[in-house]
Amino acid sequence: MTNMDLNLTPDERQFRDEVRAWLQANVPKDWESRRATEDMKDRFAFLREWQKKVFQAGWAGIAWPKEFGGRGASLMQQVIFTEEMARATAPPLANVLGLMLIGPTIVNYGTDAQKKRYLANILSADEIWCQGFSEPNAGSDLAGIRTDAHLDGDHYVVNGQKVWTSYGWAADWCALLTRSDPTSAKHHGLTYILVDMKSPGVEVRALRQMTGETEFNELFFRDVRVPIENVLGKVGEGWGVAMGTLMHERATLGAGIQITFKRQFDRLTELSHIIERNGRPAAEDPVIRQKLAQSYIDIEIMRLNQMRSVTRMSQSGVPGPEGSIQKIFWSELNQRFQQVASELLGPYAQLTSGGAIDDGQWAYNYLRSRGNTIEAGTSEIQRNIVGHFVLGLPKSY
Amino acid sequence: MQFGLSETQQTLKNTTRQFLAAECPSSEVRRLIETDSAFDSALWKKMADQGWMGILIPEEYGGFGMGMVEMAAVLEEMGRALLPGPYLSTVLLAGSAIQHAGSEAQKQQYLGAICRGEAKATLAFLEESACWSPERVRMHAYAHNGGYVLSGSKRFVPDAAVADFVVCAARLDGELALFIVPSSASGMAARPTPALDGTRKLYELMFDAAAVPEGALLAKGDRAVAALEHAFAVSTVGLVAEMVGGMQRLLEIAVEYAKTRKQFGRPIGQFQAVQHMCADMLVWSESSRSAAYFAAWAMSENTPEAATAVSVAKAYASDSYREVGNRAIQVHGGMGFTWENDVHLYYRRAKGSEIAFGDATWHRERIAKLVVDRSDLLVR
């Protein structure tokens, strides 16, 4: 290993400058303002167009191998790309699950025919993907899923219910985890199937969350027939297929979030000089100063942990359980941070519109951050992972 | 971007660990805690033979001129072993102040003696006000007979009883000044002030018209303030690295206990309440490690964010070491509250380290000055 150097190498800097220049020229200028007002469907159409543009410039799926239309980017380049996207407040890519999780899984486990059929349309956002994993009775205990897939001729017939499906309403395809062997238990007898969302018997219901938005859906499958060639990987080995890419997701996710927190912190600091507290700017209140400083510390620690973990992963080539440490850290950090923001803004913190500061963004953040310690693996599950896989403590369940 | 130790740095860290495992096991730590000064001259000599005394000191003064990252790697292992005695006081506190502000003659004399393992030293700064800001220094110094006379009292001075000389902050003509006072100076006396952490003894140093020669003045005015800030920054990074090593050891002790101690017919580490405490200990210690090495690197590169990085590391590690200690004791149950278990030795060190060079609250206010009071925000 070379000497410690937290600066970007000349190559990394060149890559960053290239990404930055492209984003500067291409990020839609009105994106920030459209966000609040637009209808969800219109917004999604807009995001699809944005991904097309990103794809045409060769930035979509940059981690994918070149032969499948990606850029074969190193982990560090992925981190830089994610950071620059966040720094430029670029719109998210419409097909994020396809790009981050399902595409890479197809690259790893797919047949040549499957790769040919699906990958290009994921990159171009011509086909949007969702992921059907969690069920009403299988959340943290994901291996307990019961959605049934039984063979009938050259089709699987699927029955069951999925929940917490992001982008379910917009998706053309679903990567579905099913139980193909009804006598099996837990991690065995699961099969990962690619389901056309236009198939008869698929129903999507919006799940309204406490913020009022509908980021997630419930999916219902009633006698849905799926051709046997849509099985990804081996029948009965769906658990391994599903888990293979989940760890990769956590590796770079933190890079973008950290930039977003930093930007929010800068804005909050700016506001602290304007907002009054006890007859003086909040920035002069000793208690607020302590809390702002602690938020700064937390965000900075998150950045540093991320850098160390990227270094480690770049060397080992495999994402480790440090992803769980990051997940625990950023989700709990954000809840503390949004509470600090609330305290600083005082009565204004609760306004969602009509005189609200920053169009009610802080009130929204406060509610939205509440989900952070639950989504993508609860803090409790992450601590179990750390306890067992990092510290070697015996499994508790 | 490369955020990890190089092979050479890792080797240095490993050999440090091996040396301390052999020369300073917990039995030796316990023995030294019971002594007056927690100092052992044989151990000191061996440490000097390892080259540790000159780790930061340039070659022309007899050192090795290594960087802050190497220093942090060594200090992490010292903290892990709970190494007692005046290493940090001598090498980081006094050594950095002299290296930063000393004249050529002062550097040759004092840094050379430190590198050869011949001199132990410390820095006397705090007074009755117990405030870490240089402007609060009140101790009086005045020129007399071609030299200086110091009067007053210094508090919380680490390792003063074994120091061969003391870098002492005082006020001269209204300005901050640093003096190098030899232990032989008449009118200077050390009184032990026993504290929670027995591995690093604290003293009150009393100066009753202590006379020093002209050459004892190390720096005055802005130069003195800069030297002091530098010495504190270096020492703070070293201390945080020690704290990381302590946290790492506490985590290992607690996890080992959780794997072997059985209740209700199973290892207590199988219970999530215990697992989650251990997971938190890991998050705190790893996060502190990131902050410590980043601060070390930022200082060695003299980056603009170095000052903030040092405070981020100290604030975070101060809270974390204490909390890691709390969890380690809790995991041990009643055993954790006993004298025979080593955990309390770390718990005591955690408290002493939390306080030294400013606790979390003090460093958060410093961060607020650096990031909240930025001038670009004030002109709006």
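Keep in mind that this is a model prediction, so the values were computed, not measured. (Residues numbered from 1 in each chain as written. Chains lettered and ligands numbered in written order. Predicted model: local features only at pLDDT ≥ 70, side-chain atom pairs only at ≥ 80, totals over all residues. Heavy atoms only, no water.)

## A closer look at the overall build of chain A
Then, number 1: Along its length, chain A carries eleven helices and ten strands.
Then, number 2: The globule rule puts the C-alpha radius of gyration for 397 residues at 21 Å, and the 22 Å found for chain A is close to it.
Then, number 3: Along the first, second and third principal axes, the C-alpha set of chain A runs to 75 × 50 × 45 Å.
Then, number 4: Looking at chain A as a whole, 53% of its 397 residues qualify as buried.
Then, number 5: When contacts within chain A are restricted to residue pairs at least 6 apart in sequence, those whose partners lie at least 24 apart make up 71%.
Then, number 6: Only carbon and sulfur atoms are counted for the fraction: they give 53% of the accessible area of chain A, which is about 17,500 Å².
Then, number 7: Charged side chains of chain A number 44 positive and 47 negative; the gap between the two group centres comes to 2 Å. (Helix = DSSP H or I, 4+ residues; strand = E, 2+ residues; numbered from the N terminus. Rg over C-alpha atoms; globule rule 2.2 N^0.38 Å. Buried < 20%, exposed > 50% of the residue type's maximum accessible area, 1.4 Å probe, protein only. Contact = heavy atoms within 4.5 Å. Areas by Shrake-Rupley, 256 points an atom, 1.4 Å probe, with all protein chains shown as cover. Lys, Arg positive; Asp, Glu negative; His and termini not counted. Charge placed at Lys NZ, Arg CZ, Asp CG, Glu CD.)

## Points about the interface of chain B and chain A
Then, number 1: Taken together, the contact between chain B and chain A spans 50 residues of the former and 53 residues of the latter.
Then, number 2: Both faces considered, chain B and chain A share a buried interface measuring about 4,700 Å² in area, 63% of it formed by carbon and sulfur atoms.
Then, number 3: When the buried area of chain B at its contact with chain A is split by residue, Met1(B), Gln2(B) and Phe3(B) rank highest and sum to 18% of it.
Then, number 4: Summed over the shared surface of chain B and chain A, the result is four salt bridges.
Then, number 5: When the shortest N-O distance is used, the salt bridge between Asp373(B) and Arg289(A) registers 2.9 Å. (Buried area = accessible area lost by both parts, 1.4 Å probe. Salt bridge = Lys/Arg side-chain N within 4 Å of Asp/Glu carboxyl O.)

## A look at the domain arrangement of chain A
Residue and element names in this part refer to chain A.
Then, number 1: As assigned here, chain A comprises domain 1 (10–123), domain 2 (129–236) and domain 3 (241–390).
Then, number 2: Just the C-alpha atoms count here: the centres of domain 1 and domain 2 sit 25 Å apart.
Then, number 3: Counting from both sides, the interface comprises 19 residues of domain 1 and, opposite them, 18 residues of domain 2.
Then, number 4: Roughly 1,600 Å² of surface becomes buried between domain 1 and domain 2 when both sides are summed, with 67% attributable to carbon and sulfur atoms.
Then, number 5: Our enumeration of links across domain 1 and domain 2 arrives at one salt bridge.
Then, number 6: On inspection of domain 1 and its partner domain 2, the count reaches four residue pairs in polar contact (both at pLDDT 80 or more).
Then, number 7: Going through the elements one at a time, helix 3 (40–56), helix 5 (96–109) and helix 6 (112–123) are the ones with two or more residues in the side of domain 1 that touches domain 2.
Then, number 8: At eight residues, helix 5 tops the list of elements feeding residues into the side of domain 1 that touches domain 2.
Then, number 9: Taken together, the residues of the side of domain 1 that touches domain 2 break down into eleven nonpolar, five polar and three charged. (Domains from an automatic or database assignment. Polar contact = N/O pair within 3.5 Å; in protein donor to acceptor, adjacent residues only side chain to side chain. Nonpolar A, V, L, I, M, F, W, Y, C, P; charged D, E, K, R; others polar.)

## Some words on the domain arrangement of chain B
Residues and elements named next belong to chain B.
Then, number 1: Each domain of chain B was delimited in the assignment, giving domain 1 (7–120), domain 2 (122–220) and domain 3 (224–373).
Then, number 2: Taking only C-alpha atoms, the centre of domain 1 and the centre of domain 2 are 22 Å apart.
Then, number 3: Counting from both sides, the interface comprises 26 residues of domain 1 and, opposite them, 20 residues of domain 2.
Then, number 4: In this assembly, domain 1 packs against domain 2 so that about 1,900 Å² is buried in total across both faces, 63% of it on carbon and sulfur atoms.
Then, number 5: At the junction of domain 1 with domain 2, the criterion picks out one salt bridge.
Then, number 6: Here Asp164 makes a salt bridge to Lys120, at a shortest N to O gap of 3.4 Å.
Then, number 7: For the pair domain 1 and domain 2, the interface holds nine residue pairs in polar contact (both at pLDDT 80 or more).
Then, number 8: At the level of elements, helix 2 (26–33), helix 5 (87–101) and helix 6 (104–115) are the ones that each hand at least two residues to the side of domain 1 that touches domain 2.
Then, number 9: Per-element accounting of the side of domain 1 that touches domain 2 gives the leading share, seven residues, to helix 5.
Then, number 10: Of the residues in the side of domain 1 that touches domain 2, the class split is 17 nonpolar, six polar and three charged.

## Observations concerning the environment of Leu178(B)
Then, number 1: Assignment of secondary structure puts Leu178(B) in strand 5 (residues 175–182).
Then, number 2: Measuring from C-alpha to C-alpha, the distance between Leu178(B) and Lys220(B) comes to 6.4 Å, with 42 residues separating the pair along the chain.

## Looking at helix 10 (residues 343–355) of chain B
Residue and element names in this part refer to chain B.
Then, number 1: Under the 1.5 Å per step criterion, the end-to-end length of helix 10 is 19 Å for 13 residues, consistent within 8% with the ideal 18 Å.
Then, number 2: Turning to helix 10, its buried residues number three or more, namely Val343, His344, Leu345, Tyr346, Arg349, Ala350, Ser353 and Glu354.
Then, number 3: Elements that come into contact with the buried residues of helix 10 comprise helix 2, helix 4 (68–81), helix 7 (222–260) and helix 9 (306–332).
Then, number 4: Among the residues trailing helix 10, Phe357 stands out with phi positive, at a value near 60°. (Expected span 1.5 Å × (residues − 1).)

## Re the environment of Asn121(A)
Residue and element names in this part refer to chain A.
Then, number 1: Within the secondary structure, Asn121 sits in helix 6.
Then, number 2: Considering only alpha carbons, one finds Asn121 and Glu49, 72 residues apart in sequence, at a separation of 13 Å.
Then, number 3: Non-local contacts of Asn121, meaning those with residues more than four positions away in its chain, are made with Asn95, Asp126 and Glu127.

## Re the pattern of salt bridges
Then, number 1: Tallied over the entire structure, the rule returns 57 salt bridges over all chains.
Then, number 2: The partner of Lys220(B) in a salt bridge is Glu175(B), and the shortest N-O contact between them spans 3.6 Å. Here Lys220(B), found in strand 8 (residues 217–220), pairs with Glu175(B), found in strand 5; they are 45 residues apart in sequence, far enough to count as distant.
Then, number 3: Between Arg289(B) and Glu286(B) there is a salt bridge, with its nearest N and O atoms 2.9 Å apart. Of this pair, Arg289(B) and Glu286(B) both sit in helix 8 (residues 272–301), three residues apart, roughly one helical turn.
Then, number 4: Residue classification places Glu286(B) among the buried positions, given a relative accessible area of 17%.
Then, number 5: What you see here is one network of salt bridges that share partners, running through Arg308(A), Lys13(B), Arg17(B), Glu76(B), Glu77(B), Glu286(B) and Arg289(B).

## Observations regarding the packing of helix 7 of chain B against helix 10 of chain B
Residues and elements named next belong to chain B.
Then, number 1: Where helix 7 meets helix 10, the closest approach of the two axes is 10 Å, and the angle between their N-to-C directions is 155°. It follows that helix 7 is roughly antiparallel to helix 10 by the angle criterion. Pair helix 7 / helix 10 crosses with left-handed handedness. Here helix 7 contributes Leu239, Glu242, Met243, Gly246, Arg249, Leu250 and Ile253 to the contact with helix 10, which in turn contributes Val343, Tyr346, Arg349, Ser353 and Glu354. (Axes fitted to C-alpha atoms, helices over the stretch in contact; angles between N-to-C directions. Parallel < 35°, antiparallel > 145°, perpendicular 65-115°, else oblique. Left-handed = near helix turned anticlockwise from the far one by under 90°.)

## So, the pairing of strand 2 (residues 148–152) of chain A
Then, number 1: Bridging between strand 2 of chain A and strand 3 (residues 155–166) of chain A involves five bridges; their strand directions are antiparallel. Within strand 3 of chain A, the residue paired with Asp148(A) across the bridge is Asn159(A). (Pairing = 2+ DSSP bridges.)

## Here we look at a nonpolar patch on the surface
Then, number 1: Judged by side-chain polarity, Met210(A), Tyr366(A) and Leu367(A) come together as a nonpolar surface patch covering roughly 300 Å² of accessible area.
Then, number 2: Residue classification places Met210(A) among the exposed residues on the basis of a relative accessible area of 57%. (Patch = residues over 30% accessible without salt bridge, like charges linked within 9 Å, V, L, I, M, F, W, Y side chains within 5 Å.)

## Quick look at unusual backbone geometry
All names here are of chain A.
Then, number 1: Even without a glycine there, the phi angle at Ala125 is positive, about 65°.
Then, number 2: In this structure, Ala125 sits in the loop between helix 6 and strand 1 (129–132).
Then, number 3: Under the relative-accessibility criterion, Ala125 is labelled buried at 0%.
Then, number 4: Positive phi, normally seen in glycine, also occurs at Asn278, with a value near 50°.
Then, number 5: Considering the arrangement of structural elements, one finds Asn278 in the loop between strand 9 (276–277) and strand 10 (280–281).
Then, number 6: Relative accessible area serves as the criterion here: at 68%, Asn278 is assigned to the exposed category.

## A short note on helix 5 of chain A
Residue and element names in this part refer to chain A.
Then, number 1: Here helix 5 contains 14 residues, and its C-alpha end-to-end distance of 19 Å stays within 8% of the 20 Å for a straight helix at 1.5 Å per residue.
Then, number 2: For helix 5, the principal kink sits at Ile102 and spans about 40°; a proline, Pro104, occurs within the next four residues.
Then, number 3: Those residues of helix 5 that sit buried are Leu97, Gly98, Leu99, Leu101, Ile102, Gly103, Pro104, Thr105, Ile106 and Val107. (Bend = angle between axes of the 7 residues up to and from the residue.)

## Quick look at the nonpolar core
Then, number 1: One finds Tyr192(A) and Tyr87(B) to be the most contacted residues of the largest nonpolar core, which totals 211 residues.
Then, number 2: Looking at which element gives the most residues to this core, the answer is helix 7 of chain B, with 21 residues.
Then, number 3: The residues contacting Tyr87(B), other than those within four sequence positions of it, are Trp44(B), Met47(B), Trp52(B), Met53(B), Ile55(B), Leu75(B), Met78(B) and Leu92(B).
Then, number 4: Grouped together as the second largest cluster of nonpolar side chains are 23 residues, Leu150(B), Leu205(B), Val212(B) and Ala216(B) included. (Core = buried A, V, L, I, M, F, W, Y, C linked by side-chain atoms within 4.5 Å.)

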